[in-house]
2 protein chains.
Amino acid sequence: MLTPISYRDGAVELIDQTRLPHDVVTLTIADYRELADAIRTMKIRGAPAIGIAVAYGVVLGIQEVEDEAELDGRFEEIVETLRRTRPTAVNLFWALERMTGVFYAHRKADLPILKKELLEEAKGIHDEDIEANQRIGRYGAELLPDGATVLTHCNAGALATGGYGTALGVVRAAWEAGKLAKVVVDETRPRLQGARLTAWELKQDGIPFELITDSAAGSFMAKGEVDAVTVGADRIAANGDTANKVGTYSLAVLAHHHGIPFYIAAPVSTIDGSIADGARIPIEQRDHEEVTQIQGAQIAPTGIHVRNPAFDVTPADLITAIITEKGVLRPPYIEAIHDVLHC
Amino acid sequence: MLTPISYRDGAVELIDQTRLPHDVVTLTIADYRELADAIRTMKIRGAPAIGIAVAYGVVLGIQEVEDEAELDGRFEEIVETLRRTRPTAVNLFWALERMTGVFYAHRKADLPILKKELLEEAKGIHDEDIEANQRIGRYGAELLPDGATVLTHCNAGALATGGYGTALGVVRAAWEAGKLAKVVVDETRPRLQGARLTAWELKQDGIPFELITDSAAGSFMAKGEVDAVTVGADRIAANGDTANKVGTYSLAVLAHHHGIPFYIAAPVSTIDGSIADGARIPIEQRDHEEVTQIQGAQIAPTGIHVRNPAFDVTPADLITAIITEKGVLRPPYIEAIHDVLHC
């Protein structure tokens, strides 16, 4: 199974997603600071994959520690460095919390044992994510009609997760079940994760798809060419409001206008029960050059004003269902989310 | 005044819009076939500018004719070559009809007189368009609130017209009247006319603007940062349905969802009274490489399926008003359009 990240012999191996689809380059990273930089620069991206990456990042960081007297200080420094990489995807903070729990549970044990426990936890987070995606896929595929054309945005595939994918997990499961006609792939400006990553994954798997520009999605919906929209999530608030790649909100409004079901596919680790609604989700503002340059080539005049929010928030009332590994959540989400988090 | 095209000494001069914003290159074209090619490859684009270009194209074509016996055959060949360049913008067919009318009215005159009449007509089409834009600008500016932020898509500016612009004519007039806070400019994939052309025009004029990706527009509307959407048109059907650059329809749905006025700014020459509704407007499908390559660099896997409609159709019921040089048309458009065409 394609996974964007794995751990071997004291180092993390990850596919450099900024080089796809042209070059499949595996980076070997043994320094957690370098891993933090890889997250910041989106060599690895996607909310679940970021969670897995920071878990392995803690492992790499603690590996360096030889002196138990330094342990607490170094741990805090490692966690802080990883925490500051990206602000929106909550899986990052969730994974750091899990690693922090294990750290303090085994804080008094011998260093080799602590290191082993942290590695076990990180691998557990990774394995659980893959299993969660396969469940999400099965639940999601059941929601689709036979011969479905599914529109997706950004990349919520194997590359964005531990493997298999969330939104693309649904696509893969539907394809395996013989229910999928094709996928319509938004290119997803500015970073082109649809054109570069989703198209690459689907091509590898032989799943039929059509690539379109983001702003063409509405006209395909109007022509009746889209049966469902399925996307991932970076953070889901307690009321179901969902932050995801910028452009998701527009798709949700368009799907609503056309009476097309709009699904969020995400593991429960993407739900942030501590945040009441989407207005409180921090939205990362990224570099202007992501908009004004493509592969290093300037496409706009220089010295202009640019706004580049990486995410937007889709209000719960535009979401038909949230597909998790614990089942399909339906409105009212405030109750469904409470139940899935606490029951 | 910035104009994308002009006629001098037997040749057309045009700014090569595929080279903007990096290089301002003026092409001198004396052969109508070369001009047809410049239209096809979008060296000149924008519905009104295409109309002006084909009018001058007829002038260039007839200039070559020395033998009156060849006149009818050559004229048909010229018109047919120009007609086949692009299918959606109706101004092209409208301008060819005007030139055809003049041709047959002066068909029996001496060749130099016929040539002169055709040149007069082409220049008339050009001058009328500039004047129409200035009127459109004044009418449109009156519709905007003080301190307005206007979102626009593609380029309906001086470069898309004889000069001044339609949607950007409204922006310019509002700026001159002190009513405009700023413009939000959609980059407009795949050809990036917003990032390349609208940004360049506004920068030249010192009008404040922010460049965004197309799919970010919805989130700015949701945050209350857009007071009006103003775009151009390639063809308006008799019922008000409007074909314009792909992505326009999505903006109209989003504007409707947010209660934001959505204006089409276009000269009466963009109205096609012979077409009952938008479903009958031919939509150009352009090369896949426009989506998979940017400035020659491949951004997606090779050998994949792509859909690349250049335009989409916005139904009349999503359009708040159509701003023409003969006044602001309001629903029901079928009556307003009938009146403006026939009264």
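Just so we're clear, the structure is a prediction, and the values are computed from it rather than from any experiment.

**Student:** Which residues make up the overall build of chain A, and what values go with them?
**Tutor:** Along its length, chain A carries eleven helices and 17 strands. Rg of the C-alpha trace for chain A: 20 Å, near the compact-globule value of 20 Å for 343 residues, within the 12% margin. Judged by the C-alpha coordinates and their principal axes, chain A covers about 65 × 50 × 40 Å. Every one of the 343 residues in chain A was classed for burial, and the buried ones make up 63%. Across chain A, the fraction of contacts at a sequence separation of at least 24, relative to all contacts at a separation of at least 6, is 75%.

**Student:** Describe the interface of chain B and chain A, with residues and values.
**Tutor:** Contacts between the two partners involve 51 residues from chain B and, on the opposite side, 51 residues from chain A. Summing both sides of the interface, chain B and chain A together bury roughly 4,200 Å²; the carbon and sulfur share of this comes to 63%. Counting the contacts that link chain B with chain A gives six salt bridges. Two residues, Arg189 of chain B and Glu187 of chain A, come together in a salt bridge whose shortest N-O distance is 2.6 Å. Counting across the interface, chain B meets chain A through 22 residue pairs in polar contact (both at pLDDT 80 or more). Contributing elements (two or more residues each) for the side of chain B that touches chain A: helix 7 (193-205), strand 6 (209-212), helix 8 (217-222), helix 9 (248-258), helix 10 (289-292), strand 13 (297-298) and strand 14 (305-306) of chain B. For the side of chain B that touches chain A, the element with the highest residue contribution is helix 9 of chain B, accounting for six residues.

**Student:** Kindly report on the relation of the copies chain B and chain A, identifying the contributing residues and their values.
**Tutor:** Between the two copies, chain B and chain A, the superposition gives an RMSD of 0.0 Å; the rotation angle is 180 degrees and the shift along the axis is 0.0 Å. One copy is carried onto the other by what is essentially a two-fold rotation axis. Of every C-alpha in chain B, the one belonging to Ser215 of chain B sits nearest the axis of rotation, 3.2 Å from it. Interface overlap between copies: 100% of the residues of chain B at the interface are likewise at the interface in chain A, consistent with a symmetric, same-surface contact.

**Student:** A description of the sheet that holds strand 16 (residues 321-324) of chain B should follow, citing residues and the corresponding values.
**Tutor:** Spatially, 14(A)-6(B)-5(B)-4(B)-7(B)-10(B)-16(B)-17(B) is the arrangement adopted by the eight strands of the open sheet, whose pairing is mixed. Every other strand in the sheet has two partners, leaving strand 14 (305-306) of chain A together with strand 17 (327-329) of chain B as the edge strands with one partner each. Contacts from helix 6 (residues 167-176) of chain B reach strand 4 (148-152), strand 5 (180-186), strand 7 (228-231), strand 10 (262-265) and strand 16 of chain B within the one sheet, and its direction differs from that of strand 5 of chain B by about 155 degrees. Across the sheet, helix 11 (residues 333-342) of chain B touches strand 16 and strand 17 of chain B, and the angle it forms with strand 17 of chain B is around 150 degrees.

**Student:** Give me helix 9 of chain B: which residues, what numbers.
**Tutor:** Helix 9 of chain B sits mainly inside the fold: eight of its eleven residues count as buried. Every buried residue of helix 9 of chain B is listed here: Thr248, Tyr249, Ser250, Leu251, Ala252, Val253, Leu254 and Ala255 of chain B.

**Student:** Which residues make up the packing of helix 2 (residues 47-63) of chain B against helix 3 (residues 71-83) of chain B, and what values do they have?
**Tutor:** Residues and elements named next belong to chain B. Running from N to C, helix 2 and helix 3 point in directions that differ by 145 degrees, and their axes come no closer than 10 Å. The hand of the helix 2/helix 3 crossing is right-handed. Between helix 2 and helix 3, the contacting residues are Val54, Gly57, Val58, Gly61 and Ile62 on the first element and Leu71, Phe75, Ile78 and Leu82 on the second.

**Student:** Describe the pairing of strand 1 (residues 5-8) of chain B, with residues and values.
**Tutor:** A regular strand carries its side chains on alternate faces of the sheet. Only one face of strand 1 of chain B is buried, namely the one carrying Ile5 and Tyr7 of chain B, since none of Ser6 and Arg8 of chain B on the opposite face is buried. The hairpin turn running from strand 1 of chain B into strand 2 (residues 11-15) of chain B, its antiparallel successor, is two residues long, and Asp9 of chain B in that turn takes a positive phi close to 50 degrees.

**Student:** Residue-level account of the sheet that holds strand 4 (residues 148-152) of chain A, with values.
**Tutor:** Pairing in this open sheet of eight strands is mixed, and the strands run 17(A)-16(A)-10(A)-7(A)-4(A)-5(A)-6(A)-14(B) from one edge to the other. In this open sheet, the two edge strands, each paired with only one partner strand, are strand 17 (327-329) of chain A together with strand 14 of chain B. Judged from the three bridges that link them, strand 16 (residues 321-324) of chain A and strand 17 of chain A form a sheet pairing that is antiparallel. Across the sheet, residue Thr324 of chain A finds its bridge partner in strand 17 of chain A, namely Gly327 of chain A. Most of the contacts of helix 7 (residues 193-205) of chain A go to strand 5 (residues 180-186) of chain A, to which it runs at about 160 degrees, and overall it touches strand 4, strand 5 and strand 6 (209-212) of chain A. Sheet strands in contact with helix 9 (residues 248-258) of chain A are strand 4, strand 5, strand 7 (228-231) and strand 10 (262-265) of chain A, and its direction is about 145 degrees off that of strand 10 of chain A.

**Student:** Quick one: what's the story with the domain arrangement of chain A, residue by residue and with numbers?
**Tutor:** All names here are of chain A. Along its sequence, chain A is carved into domain 1 (5-133) and domain 2 (144-341). The distance between the C-alpha centroids of domain 1 and domain 2 comes to 25 Å. On the domain 2 side, the residues contacting the 29 residues of domain 1 number 34 residues. In total, domain 1 and domain 2 occlude about 2,500 Å² of area from one another, counting both sides; carbon and sulfur atoms represent 54% of this. At the junction of domain 1 and domain 2, the tally comes to 19 residue pairs in polar contact (both at pLDDT 80 or more).

**Student:** Now, about the packing of aromatic side chains: what can you tell me, with residues and values included?
**Tutor:** All names here are of chain A. For the coordinates displayed, the defined rule picks out eight aromatic pairs over all chains. For the pair Phe75 and Phe103, a centre-to-centre distance of 3.8 Å together with 5 degrees between the ring planes defines the contact as stacked. Here Phe75, found in helix 3 (residues 71-83), pairs with Phe103, found in helix 4 (residues 90-105); they are 28 residues apart in sequence, far enough to count as distant. Phe75 gets classed as buried once you look at its relative accessible area, which sits at 2%.

**Student:** Any details on the side chain of Arg45 of chain A? Residues and values, ideally.
**Tutor:** Residues and elements named next belong to chain A. You can see Arg45 is positioned in the loop between helix 1 (32-40) and helix 2 (47-63). There is no salt bridge for the buried Arg45, and the closest opposite charge comes from Glu201, which lies 6.2 Å off by N-O distance. At a separation of 3.0 Å, a polar atom in the side chain of Arg45 contacts the side chain of Gln17. Only 2.6 Å separates the side chain of Arg45 from the backbone oxygen of Asn155, close enough to count as a polar contact. Other than its neighbours up to four places away in sequence, Arg45 contacts Gln17, Ile50, Arg86, Cys154, Asn155, Leu159, Ala160, Gln193 and Leu197.

**Student:** Could you give me a rundown of the environment of Ala55 of chain A, with the residues and numbers involved?
**Tutor:** All names here are of chain A. Turning to its location among the elements, Ala55 is positioned in helix 2. Looking at Ala55, the relative accessible area reads 0%, which means it is buried. Taking C-alpha positions, Ala55 is 37 Å from Ala181, a pair spaced 126 residues apart along the chain. Beyond its immediate stretch of four places on either side in the chain, Ala55 contacts Met99, Ala122 and Ile125.

**Student:** Lay out the pattern of salt bridges in plain terms, naming residues and giving numbers.
**Tutor:** Per the counting criterion, the structure on display carries 49 salt bridges over all chains. What emerges from the salt-bridge pattern is a single network uniting Asp31, Arg33, Glu64, Glu70 and Arg74 of chain A.

**Student:** With reference to specific residues and values, describe the nonpolar core.
**Tutor:** Looking at soluble globular proteins, one finds that nonpolar side chains tend to be buried together. Counting residues in hydrophobic clusters, the biggest one holds 68 residues, and the most contacted among them are Val229, Phe262 and Ile264 of chain A together with Val229, Phe262 and Ile264 of chain B. If we skip the residues at most four places from it in the chain, Val229 of chain B touches Leu151, Met221, Leu251, Ala255, Ile260, Pro261, Phe262 and Tyr263 of chain B. With 64 residues, the next largest nonpolar core counts Ala300 of chain A together with Ile136, Leu144 and Val171 of chain B among its residues.

Cut-offs and rules
Residues numbered from 1 in each chain as written. Chains lettered and ligands numbered in written order. Predicted model: local features only at pLDDT ≥ 70, side-chain atom pairs only at ≥ 80, totals over all residues. Heavy atoms only, no water. Helix = DSSP H or I, 4+ residues; strand = E, 2+ residues; numbered from the N terminus. Rg over C-alpha atoms; globule rule 2.2 N^0.38 Å. Buried < 20%, exposed > 50% of the residue type's maximum accessible area, 1.4 Å probe, protein only. Contact = heavy atoms within 4.5 Å. Buried area = accessible area lost by both parts, 1.4 Å probe. Salt bridge = Lys/Arg side-chain N within 4 Å of Asp/Glu carboxyl O. Polar contact = N/O pair within 3.5 Å; in protein donor to acceptor, adjacent residues only side chain to side chain. Least-squares fit on C-alpha atoms with pLDDT ≥ 70 in both. Pairing = 2+ DSSP bridges. Axes fitted to C-alpha atoms, helices over the stretch in contact; angles between N-to-C directions. Left-handed = near helix turned anticlockwise from the far one by under 90°. Domains from an automatic or database assignment. Phe/Tyr/Trp six-rings, centres within 6.5 Å; stacked < 30°, edge-to-face > 60°. Lys, Arg positive; Asp, Glu negative; His and termini not counted. Core = buried A, V, L, I, M, F, W, Y, C linked by side-chain atoms within 4.5 Å.

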